[in-house]
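# Remarks on the overall topology
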Amino acid sequence: MALALAACSVLIVAGWGGAQHAAQKQAPPRHDKPLSGLFKITAERSMFLKCSGSGRPTIVMDAGMGNDHHAWDGVVPALSKLTRTCAFDRAAEGLSDFDLRARTLRDSVSDLKRLLGLAGVAPPYLLVGHSFGGLETRLFASEHPRDVVGLVVVDATPTSLLDDACSITVDLCDLYRGSWASNPENVKFEVSLRQVKASRLPHIPLTVMSATNHSDPSYDARINRLFEAQWQSAQQRLAESVPGGKLQVVQGGHGIQDEHPRLVIAAIRTMLEKTR
């Protein structure tokens, strides 16, 4: 849906409650060299990765559908002063090659794991995912719990998105099913949602940043209110899925890292302090 914004953030749930994680820790190196380039994932295609800064854990940033590593340009310079910070392009996004096969999020997680390995970007990772990238970072943390020390999701796509839309109106249902069926990454969206639903996050520090305005001017106020209530409920459930998970509500629209980069930087900095 189209998104609009205001300003201000409110912490709804706070504290980690002494949550433990199994991620492998290591002493930060004195210097990590900048990295920017394509890495051969398969014989047919390559993926782009760019890293800057030095230290551990490494922040790995995952953009939303239809976006690439530039989605994080407003926050990477500040974060790379704190630790190693990497952003990448999923298959078919930015500088990465298109995958001719139909894909699922599990395929994307495998790609990311291989990309980081080929580039020599070793764990531990602090994952940051926006929108659709929030789904991928959740699945990555579930499948590689020993590699991940913390997770920040920035207005992540709810796993209940299609069910929620279809419960409101047939038109909204058809809109979302149709738009996701023809997504630019050739991802099987409904299969991918089931993969994330079936996964379980490890007990690591989790921050869920949730925007408050996902209104679409083509729908009336009642439909927008219902959709917004469902979105907020999904973000609350996600925050509560891990002991001590935090929900940070940010007044405004979906692109929090563009409209409120300082809030995103602050949330990641706080997470970084908790994982070192």
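This text goes with the structure placed above it.
Residues numbered from 1 in each chain as written. Predicted model: local features only at pLDDT ≥ 70, side-chain atom pairs only at ≥ 80, totals over all residues. Heavy atoms only, no water.

### Here's the deal with helix α4 (residues 161-168)
- Restricting attention to buried positions, one finds in α4 the residues L161, L162, D164, A165 and I168. Across the axial projection of α4, the buried residues extend over an arc of 160°, all falling on one side.
- Check the buried side of α4 and you find it contacts α5 (170-181), α6 (189-198) and α7 (221-239). (Buried < 20%, exposed > 50% of the residue type's maximum accessible area, 1.4 Å probe, protein only. Helix = DSSP H or I, 4+ residues; strand = E, 2+ residues; numbered from the N terminus. Arc of directions from axis to C-beta. Contact = heavy atoms within 4.5 Å.)

### A short note on the pattern of salt bridges
- In the structure shown here, the tally under the stated rule is 13 salt bridges.
- With a closest N to O distance of 2.8 Å, R101 and D99 form a salt bridge. (Salt bridge = Lys/Arg side-chain N within 4 Å of Asp/Glu carboxyl O.)

### A few points about the state of the cysteines
- The full count for this structure, using the stated rule, is 2 disulfides.
- Paired through a disulfide, C51 and C86 show a sulfur-sulfur distance of 2.1 Å. The disulfide joining C51 to C86 has a torsion of about 115° about its S-S bond and is therefore right-handed. You can see C51 sitting in strand β3 (residues 46-52) and its partner C86 sitting in strand β5 (residues 85-88), a full 35 residues away along the chain. In this pair, the class of C51 matches that of C86, namely buried. (Disulfide = S-S within 2.5 Å.)

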